[in-house]
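Spelled out, the chains give:
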Amino acid sequence: MAHEEIQPNILYFGTPVVLLSTGNEDGTANLAPISSAFWLGWRAILGIGASAQSARNLRRTGECVLNLPSVREAAAVDRLALTTGANPVSPTKLERGYRYEPDKFGTSGLTAVPSDTVGPPRVAECPVALETVVAAIHPIAADDPRQNGKVLCVEVRVKKVHVHPEIRMAGTTDRIDPDRWRPLIMSFQQFYGLGDRVRPSRLAGIPERMYRSPEVDQAATAM
């Protein structure tokens, strides 16, 4: 099969949706859907617009919660679309139809519950919630004056993991069952979920504990 050259406007081939909760200056919580995220051990890399309220909060407080919705929360996530906690709304977002919304939890219909180690709340309905602290913030596109400083790459370190019992693997204390976990996926601006397993993976023969990061034990003993 021959390839064809194209120039797509976005390259969202399929990434998990994250509801990022952060703390506003007035003590309220901001809740923002993002879909630029991946994990390396107990660290995550997030892509966030520099002018977003989430970015402002992360720079000021250095902490957040990564709430991972399942396919069941798709409607709630969509209610947050085209809303921003930043006031005034940036010209770029105004052009795209965004509006200022200070009550993100109320707008989404989701429930805020207190976190254990950070200030921002968790989302009760999300099957996974990761309490994290900011390890580093890196501006991207330094080689392009048109984009330099407009997008941030934020590295966060996970301090505590909360999951719903329904997605835990039976008979274990530290594993997620991928056949039960159905994350919400964003692909080219549309919502998708995972289907059934395609086939067994050779990597599954490696015990998960061989991937265990030293930070897992560090998080377990931290106050």
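Residues numbered from 1 in each chain as written. Predicted model: local features only at pLDDT ≥ 70, side-chain atom pairs only at ≥ 80, totals over all residues. Heavy atoms only, no water.

K.L.:
Can you help me understand the nonpolar core in this one?
P.N.:
What tends to happen in soluble globular proteins is that the nonpolar side chains get buried as a cluster. L20, L46, I48, L66, V154 and V156 are the most contacted members of the largest nonpolar core, which totals 22 residues. For this core, the elements supplying multiple residues, two or more each, are β2 (18–23), β5 (43–49), α1 (53–61), β6 (63–68), β11 (128–139) and β12 (151–163). In terms of residue count, β12 provides more of this core than any other element does, four residues in total. For L66, the contacting residues outside a window of four places in its chain are V18, L19, L20, W39, A44, L46, V128, A129, L130, T132 and V156. Core analysis: the second largest hydrophobic core is formed by 14 residues, V17, L31, A76 and F105 among them. (Core = buried A, V, L, I, M, F, W, Y, C linked by side-chain atoms within 4.5 Å. Buried < 20%, exposed > 50% of the residue type's maximum accessible area, 1.4 Å probe, protein only. Helix = DSSP H or I, 4+ residues; strand = E, 2+ residues; numbered from the N terminus. Contact = heavy atoms within 4.5 Å.)

K.L.:
How should I be thinking about the sheet that holds β2 in this particular structure?
P.N.:
Whenever strands of a sheet pair, they do so through backbone hydrogen bonds, lying parallel or antiparallel. Taken in spatial order, the seven strands line up as β3-β2-β6-β11-β12-β5-β4 in an open sheet, and their pairing is antiparallel. Every other strand in the sheet has two partners, leaving β3 (29–34) and β4 (37–40) as the edge strands with one partner each. The sheet shows a mean angle of 30° between the axes of neighbouring strands, direction not considered. The pairing of β4 with β5 spans four bridges and is classified as antiparallel. From the neighbouring strand, A37 faces β5, where its bridge partner is L46. Across the sheet, α1 lies against β2, β3, β5, β6, β11 and β12, angled at about 50° from β2, the strand it touches most. (Pairing = 2+ DSSP bridges. Axes fitted to C-alpha atoms, helices over the stretch in contact; angles between N-to-C directions.)

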